[in-house]
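Given next are the chains, with one letter for each unit.
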Number of protein chains: 2
Amino acid sequence: MNKTKRLGSQTVKFENPPSIISEYSIAGKKENEGKLKGRFDKTVDDAMFGEKSWEKAESKLMKSALHGVIAKSGIDENDINYIFAGDLLNQCSGSHYAVRGFKIPFFGLYGACSTMAESLSLAAMSIDGEFARYALASTSSHFCSAEKQFRFPLEYGGQRTPTAQWTVTGSGAILLGRHDKPPYITHVTTGKIVDMGIKDANNMGAAMAPAAADAVTAHFEDTGFLPSDYDLIVTGDLGYVGSELFNRLMKENGFDTEHVHNDCGCMIFYEKEQDVHSGGSGCGCSAVTLCSSILKDIRNKKLNNVLFVATGALLSRSSPLQGESIPCIAHCVKITSAEVAE
Amino acid sequence: MNKTKRLGSQTVKFENPPSIISEYSIAGKKENEGKLKGRFDKTVDDAMFGEKSWEKAESKLMKSALHGVIAKSGIDENDINYIFAGDLLNQCSGSHYAVRGFKIPFFGLYGACSTMAESLSLAAMSIDGEFARYALASTSSHFCSAEKQFRFPLEYGGQRTPTAQWTVTGSGAILLGRHDKPPYITHVTTGKIVDMGIKDANNMGAAMAPAAADAVTAHFEDTGFLPSDYDLIVTGDLGYVGSELFNRLMKENGFDTEHVHNDCGCMIFYEKEQDVHSGGSGCGCSAVTLCSSILKDIRNKKLNNVLFVATGALLSRSSPLQGESIPCIAHCVKITSAEVAE
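Definitions and cut-offs
Residues numbered from 1 in each chain as written. Chains lettered and ligands numbered in written order. Predicted model: local features only at pLDDT ≥ 70, side-chain atom pairs only at ≥ 80, totals over all residues. Heavy atoms only, no water. Salt bridge = Lys/Arg side-chain N within 4 Å of Asp/Glu carboxyl O. Contact = heavy atoms within 4.5 Å. Buried area = accessible area lost by both parts, 1.4 Å probe. Polar contact = N/O pair within 3.5 Å; in protein donor to acceptor, adjacent residues only side chain to side chain. Helix = DSSP H or I, 4+ residues; strand = E, 2+ residues; numbered from the N terminus. Nonpolar A, V, L, I, M, F, W, Y, C, P; charged D, E, K, R; others polar. Least-squares fit on C-alpha atoms with pLDDT ≥ 70 in both. Expected span 1.5 Å × (residues − 1). Bend = angle between axes of the 7 residues up to and from the residue. Buried < 20%, exposed > 50% of the residue type's maximum accessible area, 1.4 Å probe, protein only. pLDDT = per-residue confidence, 0-100. Phe/Tyr/Trp six-rings, centres within 6.5 Å; stacked < 30°, edge-to-face > 60°. Lys NZ or Arg CZ within 6 Å of the ring centre and 35° of its normal. Disulfide = S-S within 2.5 Å. Right-handed = clockwise from strand over helix to strand, strands pointing away. Axes fitted to C-alpha atoms, helices over the stretch in contact; angles between N-to-C directions. Parallel < 35°, antiparallel > 145°, perpendicular 65-115°, else oblique.

(A) Spotlight on the pattern of salt bridges. Within this structure, the stated rule accounts for 30 salt bridges over all chains. Across the pair Glu258(B) and Lys251(B) runs a salt bridge whose closest N-O atoms are separated by 3.8 Å. Connected through shared salt-bridge partners, Lys56(A), Arg100(A), Asp195(B) and Glu324(B) make up one network.

Have a look at this one:
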């Protein structure tokens, strides 16, 4: 076996780095009143998006993102070999109804809010492994469908704790392919499940921070990269509470990330003015932040090397009620604006 | 791009076919009273498996299967590069609590009852693509956790319709790797979502049969194989109702599969004596049937070429209540007992 693709225990380095051909973001009204105002490809003011349920609205968000990213790319839908997608809804039904109309082979994923990095990792592997010429990665979330499913009926008007995060309404989609233009995905570091025993489902940032630190530390150890090799190490979505913890854990691991770190949950909303407490969350948060803002900054060379680290809290609605703690995961994807020799 | 790995629109042919190093099955009491009695690696008479909830019991089934398959293989856990796994529980919590104790990078999947084929496909791609030397594929289901989540409280004693299937309690796990011994996985055909408008969540076999026929037809068209190239084309889990429909659809597509077709949902239970109506179902059904019976028959050359076609109904608990039909998918994995030149 040619071992050159594996670095250390969790990382692969691509021999033929897949190119990000196009990206597309669609987001809700509140998202477009935040820090990324005007950067989304499309915004939708109606939380129902013309549908009869929030679940259907969420599906329509992803469907629009998939159609949008294909249209932007100019690639024929028939030439796309795989869709990798998932979401937060029970049985990932958001993705299934979104993907239903496409005649493209589909791999369904569940990685909670790590899904954008998981789908990018697998889509990139499918291309570098020569299984695909073009592959789509996507995820979505919706504030109302998530609140209804994970917390309380919206009508109840429950008080949110200070550590709670606000689920982003939106979807992002990325088309990867063999192409001779940056941005490229050059490395992926796949996370292990980390569970430090946190049981508070209203403090996901604290639960996920150790998983993020574990994955980013593995990335540095496997590749030999240092925080200074990056313009931006962007987690999603630890929020304010989790981000502080992440940087503290990284320092304990010997890596000072604070000056290059940001978090999608902190990049999307004005925390005080928009009353989002610890920041944004949901699969859609890191997806739309990546697709609306980060990738644009990579394309125009404001950013050159980015480590995208989507983080997921892998609990269910019932597992904390059964006394379980929250298993978490994070996956790292290195995206570069540099030319990469094939 | 070296295009030789892709055949047609949905299939890849591996250049270095991954070997099935070991497989492990664990199943419940009712399963061990059925047609596969005595063939499981382990059986558990207690539906709670010593735990305090059915969900925790299901997790423990998968955890046992993962430990079991690693122990059987003789491979060091630290040498395993990925786990690909998923289950039916909301947010796939069965898998997450099962995988939590392993220090192995994890990709979470949701493919409903297609998960065993989805996880095998991606694990095989990770090895052929040289991203992994060893990779695990696993899934589970549990009758009680599935009934509770998808249908009625067990205590209610609801009547089951004649087309209903019985969710298997069990888990299967397979370790793939670079090895010089059969069985090998040589081809995977990845399914598209097919939705023929069926809305009856008690007739999943009929909903899934068109997806299975679509994927198997694509497999034949992409590869040039014919039904006569196989000793067994095994769907899972269409049950009796769906199997009949599958063979009829295949005939319409020009392929006579009836004489080589069987279905994991029909292979596991005695339908009348065990009162399972249209047969077994659940992610665990095709997983334990493959791991307890089919792979053993391939190892002892009773079977030489098998097309394993796990099928999934991608509905959620709420989507049919919102008037939605059932999107379905099926993935094909070719397993052979023949020696394959590297």
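Continuing now.
(B) Highlighting the interface of chain A and chain B. Counting residues at the interface gives 64 residues for chain A, matched by 64 residues for chain B. Roughly 5,600 Å² is buried in total at the junction of chain A and chain B, and carbon and sulfur atoms are behind 58% of that figure. Where Lys56(B) meets Glu324(A), a salt bridge forms, and the shortest distance between an N and an O atom there is 4.0 Å. Connecting chain A to chain B are 32 residue pairs in polar contact (both at pLDDT 80 or more). Of all elements in the fold, only helix 1 (54-73), strand 5 (82-87), helix 2 (93-99), strand 6 (106-108), helix 3 (115-128), helix 4 (143-150) and strand 15 (328-336) of chain A reach the threshold of two or more residues within the side of chain A that touches chain B. For the side of chain A that touches chain B, the element with the most residues is helix 3 of chain A, which contributes six residues. Residue composition of the side of chain A that touches chain B, grouped by class: 26 nonpolar, 21 polar and 17 charged.

(C) The relation of the copies chain A and chain B, seen in detail. With an RMSD of 0.0 Å, the operation that places chain A on chain B is a rotation of 180 degrees combined with a shift of 0.0 Å along the axis. With respect to symmetry, the two chain copies, as superposed, fit the operation of a two-fold axis.

(D) Helix 8 (residues 283-299) of chain A, seen in detail. All names here are of chain A. Over its 17 residues, helix 8 runs 23 Å from end to end, which matches the ideal 24 Å to within 8%, given 1.5 Å per residue. The sharpest bend along helix 8 reaches about 45 degrees and sits at leucine 290. Of all 17 residues making up helix 8, 15 are buried, and the element is well covered by its neighbours. Of the residues one or two after helix 8, lysine 301 is the one with positive phi, at around 65 degrees.

(E) Expanded view of the confidence of the model for chain A. Averaged over all residues, the pLDDT of chain A equals 96, while 99% of them reach at least 70. The ipTM assigned to the predicted complex is 0.98, against a pTM of 0.98.

(F) Highlighting the packing of aromatic side chains. A full pass over the atoms with the stated rule returns 16 aromatic pairs over all chains. With centroids separated by 6.0 Å and ring planes inclined at 85 degrees, the aromatic side chains of Phe131(A) and Phe14(B) adopt a geometry described as edge-to-face. Linking Phe131(A) in the loop between helix 3 and strand 7 (134-141) with Phe14(B) in the loop between strand 2 (11-13) and strand 3 (19-28), this pair reaches from one chain into another. Taking the relative accessible area as the measure of exposure, Phe131(A) reaches 1% and is therefore buried. With a centroid separation of 6.0 Å and an interplanar angle of 80 degrees, the aromatic rings of Phe225(B) and Tyr230(B) are classed as edge-to-face. Take Phe225(B): its relative accessible area is 18%, and that puts it in the buried class. Classification of Tyr230(B) as buried rests on a relative accessible area of 4%. Three or more aromatic residues link up through ring pairs in this structure, and these residues are Tyr82(A), Phe84(A) and Phe107(A). When the ring centre of Phe269(B) is taken as reference, the NZ or CZ atom of Lys30(B) above it lies at 6.0 Å. Of note, Lys60(B) hangs over the ring of Phe49(B), and the distance from its end group to the ring centre comes to 4.6 Å.

(G) Spotlight on the state of the cysteines. Scanning the model with the defined rule gives zero disulfides over all chains in all. Summary of cysteine pairing: Cys92(B) is not part of a disulfide, and the nearest cysteine sulfur, belonging to Cys92(A), is at 5.8 Å. Cys144(B) forms no disulfide, and the closest cysteine sulfur to it belongs to Cys283(B), at a distance of 16 Å. According to the relative accessible area criterion, Cys144(B) is buried, its value standing at 10%.

(H) Representation of the pairing of strand 5 of chain A in the model. Residue and element names in this part refer to chain A. Of all six residues in strand 5, six are buried, a share of seventy percent or more. Alternating positions in strand 5 separate into two faces, Tyr82, Phe84 and Gly86 on one and Ile83, Ala85 and Asp87 on the other, with burial throughout. Assessed by its sense of winding, the connection that carries the chain from strand 5 through helix 2 to strand 6 is right-handed.

(I) Representation of the packing of helix 3 (residues 115-128) of chain B against helix 8 (residues 283-299) of chain B. All names here are of chain B. Look at helix 3 against helix 8: their axes get within 8 Å of each other, and the N-to-C directions meet at 60 degrees. Of the possible angle classes, the one that applies to helix 3 and helix 8 is oblique. Of helix 8, the residues touching helix 3 (which contributes Thr115, Met116 and Leu120) are Cys283, Ser286, Ala287 and Leu290. The residue inventory of the contact of helix 3 with helix 8, partitioned by class, reads five nonpolar, two polar and no charged.

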